[in-house]
Amino acid sequence: MQRLDTLLKSTPRGPNESRCPTGGGVLVIGGLVSDVVGKSDMLEAAAQHTSTPGAVWEKDGGVGRNISEGIARLGATPCTMVGAVGSDTRGRGLKARLADCGVDTRWVAEVEGQSTAVYQAIMDREGTLLSAVADMRVLEHTVLPAQLQALCDAALCDTSPPPYAAACLDGNVSAGLLDEALALLSRSSCLVVFEPTSVPKSAKVAPSAYRHVAVATPNDLELHAMAAHAAAHSPPARTAAFLPKPGARPRLEKEKEKEEEAALDLSAAVLLSLGMLSVVATLGPRGVRVYLSPSPDPAGDPVRFKKWCSLAGTDQPRADVRVHSHAALPVAAVVDTTGAGDSLTAGTVAGLCLGKSLAQAVDIGLHAARCTLSSPLSVSDKLREAYIGPRGVRVYLSRVYLSPSPDPAGDPVRFKKWCSLAGTDQPRADVRVHSHAALPVAAVVDTTGAGDSLTAGTVAGLCLGKSLAQAVDIGLHAARCTLSSPLSVSDKLREAYIGPRGVRVYLSRVYLSRVYLSPSPDPAGDPVRFKKWCSLAGTDQPRADVRVHSHAALPVAAVVDTTGAGDSLTAGTVAGLCLGKSLARHRGCMLRGARYHHL
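Residues numbered from 1 in each chain as written. Predicted model: local features only at pLDDT ≥ 70, side-chain atom pairs only at ≥ 80, totals over all residues. Heavy atoms only, no water.

Asker: Can you walk me through the overall build of the protein chain in this structure?
Answerer: Helix and strand counts for the protein chain stand at 21 helices and 17 strands. Counting over 599 residues, the protein chain shows a buried share of 49%. Expressed as a percentage of contacts within the protein chain between residues at least 6 apart in sequence, the contacts between residues at least 24 apart total 71%. Approximately 27900 Å² of the protein chain is accessible, and the part contributed by carbon and sulfur atoms is 56%. (Helix = DSSP H or I, 4+ residues; strand = E, 2+ residues; numbered from the N terminus. Buried < 20%, exposed > 50% of the residue type's maximum accessible area, 1.4 Å probe, protein only. Contact = heavy atoms within 4.5 Å. Areas by Shrake-Rupley, 256 points an atom, 1.4 Å probe, with all protein chains shown as cover.)

Here's what the structure looks like:
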């Protein structure tokens, strides 16, 4: 089985893929820290100036180290770490264990006469932080290696790609090093990601350098701190131009939520107005809010425009700010929140290196964060199995390429075949590419035959009249079922996906929904109907075309009864509309209603 990055380098790219930076993986510049955590059930009642019985444990940490391990465990792209540890046993252990995860640690320096960074925390019985002491002095000794300067200079002198597709900078290192790294890396098409780390450290990047940052990943407090620090550099009139349009915001019921969202929008607008291409605001259990700036001038700054295209997933310029809200993924039992944000950043960066748009990459990050929330480690050691799979892309992730259409007049038979694969009879002149994300498997029993089940499901879907992209979704469900079986082909395929009562009931009525949205009514001629249309579309921008959204199946562990599932789907849809959701975007409301009815 080939590595995922090897498969990507050897695979022809579709039209969208050419926009993605094509360097040698990810460079992470940041901290390696040993986290020492103490927790006691008796702290509330304990007297001061004495010891308290409890549990103490030590684990590998540091924002940069966590992000590096997350990227390596996802297996999407190679990762190199630049950092510093002390010349002690603790530091050598941190470095060695990170290398064992697959991270290139040759540029992690062991600094003589310094101790490895330590973060010592005291928590109460609920896991809430009471106090902490952080000794990060060794991180001030982090330096950029001379080899990195040479690699970047060589990439500017010829037509070779940049040495790294993305670089992630951690606010733990010195402000001088951050400025130096931004100036060096931003000259190429390398996507620079800034993780602020904390409120005090979020101000280390000067506002004048924000234009070199492609993605910032602050939490809400760090975002507001960065905006306050930068406000003096951005006139209010300019900031106002970067606020999302009212139609881009979901309608919120609670006044407090409206105020919090407006504050986030304003802080993000300050950063975007200073040239930052995007902001990924992490909001804990409230999910993630992604802001994408208007496109830079393609002629005036082609390098930044290319970076924007890779984030936007399009090469069509846009004049407005785009906002995407991503709900938090449910977690059965939260073990430890430490490192969840770093896993989200790692998954997002890995997704960008796979050629995903920023909105798609954040979805991968959310899966990684959920996995770490269920683990006692700073980065879950199950990231790859949870999202990509233990044996790589061929089992868990499918990529579909559809050729341009044959000539309808010159070869009508081949054109008819193409139409059945494309799901349309409209000729196309370009290659279409569809990526199908992994379906989670609770426990992989045997991978033998999973690919064959994927093929079988795909062929069955085509025979049902599905397009190729829809048919592959059926194949992925079949592959997942076989992965959980000791047989070469699971004997539960029909029950697992199609169900005991046949494909027509489950595939058309319960599992696959297709949403059609009409062109917008005339705003002036019929403002009432236009207002209704806006609530369904999630925008107040008129459209002249029909929009179609297909919503794939949600898995059901065991189907008890199909009666009423369609009614539950309708009920969930209506409930979602009453919550101010668009008809298509928050499809979870309408599909989960149908799924839960079965359980």
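On we go from here.
Asker: Would you mind going over the packing of aromatic side chains with me for this structure?
Answerer: Each aromatic ring pair is described using two quantities: the centre-to-centre distance and the angle formed by the ring planes. Enumeration over the complete set of coordinates arrives at three aromatic pairs. Measuring from ring centre to ring centre gives 6.0 Å for F415 and W418, while their planes differ by 15°; the resulting arrangement is stacked. Within this pair, F415 and its partner W418 are both found in helix α14 (residues 412–422), separated by three residues, close to a single helical turn. W418 sits in the buried class, given a relative accessible area of 3%. Ring centres of F530 and W533 lie 6.0 Å apart, and the angle between their planes is 15°; this geometry places the pair in the stacked category. (Phe/Tyr/Trp six-rings, centres within 6.5 Å; stacked < 30°, edge-to-face > 60°.)

Asker: It is not clear to me how the packing of helix α2 (residues 63–74) against helix α10 (residues 340–353) should be interpreted in this structure. Could you clarify?
Answerer: Between two packed helices, what matters for the description is the angle formed by their axes and the separation of those axes. Between α2 and α10, whose axes approach to 8 Å, the crossing angle comes to 50°. The pairing of α2 with α10 is recorded here as oblique in orientation. Viewed along their axes, α2 and α10 form a crossing whose handedness is right-handed. Between α2 and α10, the contacting residues are V63, N66, I67, G70, I71 and L74 on the first element and D342, T345, A346, G347, V349 and A350 on the second. Residue composition of the contact of α2 with α10, grouped by class: seven nonpolar, four polar and one charged. (Axes fitted to C-alpha atoms, helices over the stretch in contact; angles between N-to-C directions. Parallel < 35°, antiparallel > 145°, perpendicular 65-115°, else oblique. Left-handed = near helix turned anticlockwise from the far one by under 90°. Nonpolar A, V, L, I, M, F, W, Y, C, P; charged D, E, K, R; others polar.)

Asker: Any chance you could explain the pattern of salt bridges here in plain terms?
Answerer: When their charged atoms lie close together, side chains carrying opposite charge are able to pair. One pass over the full model with this rule turns up 13 salt bridges. Across the salt bridge formed by R90 and E58, the nearest N and O atoms sit 2.8 Å from each other. Of this pair, R90 sits in helix α3 (residues 89–100) while E58 is found in strand β3 (residues 55–61), placing the two residues 32 residues apart along the sequence. Relative accessible area serves as the criterion here: at 46%, E58 is assigned to the partly exposed category. Linking E110 and K95 is a salt bridge whose minimum nitrogen-to-oxygen distance equals 3.8 Å. Residue E110 is located in strand β5 (residues 104–111), and its partner K95 is located in helix α3; the two are separated by 15 residues in the primary sequence. By relative accessible area, which is 37% here, E110 ends up partly exposed. By sharing partners, the salt bridges in this structure join R65, E69 and R73 into a single network. (Salt bridge = Lys/Arg side-chain N within 4 Å of Asp/Glu carboxyl O.)

Asker: In this structure, what is going on with the pairing of strand β12 (residues 288–292)? I would like to understand it.
Answerer: Looking along a regular strand, one sees side chains alternate from face to face of the sheet. The buried fraction of β12 is high, at five of five residues. Across the two faces of β12 the burial is the same, with V288, V290 and L292 and R289 and Y291 all buried. Bridge analysis of strand β11 (residues 278–282) against β12 gives five bridges, and the strand direction is antiparallel. Considered in β12, the bridge of S278 is made with L292. Across five bridges, the pairing between β12 and strand β13 (residues 322–326) is antiparallel. Bridge pairing in β13 places V288 opposite H326. (Pairing = 2+ DSSP bridges.)

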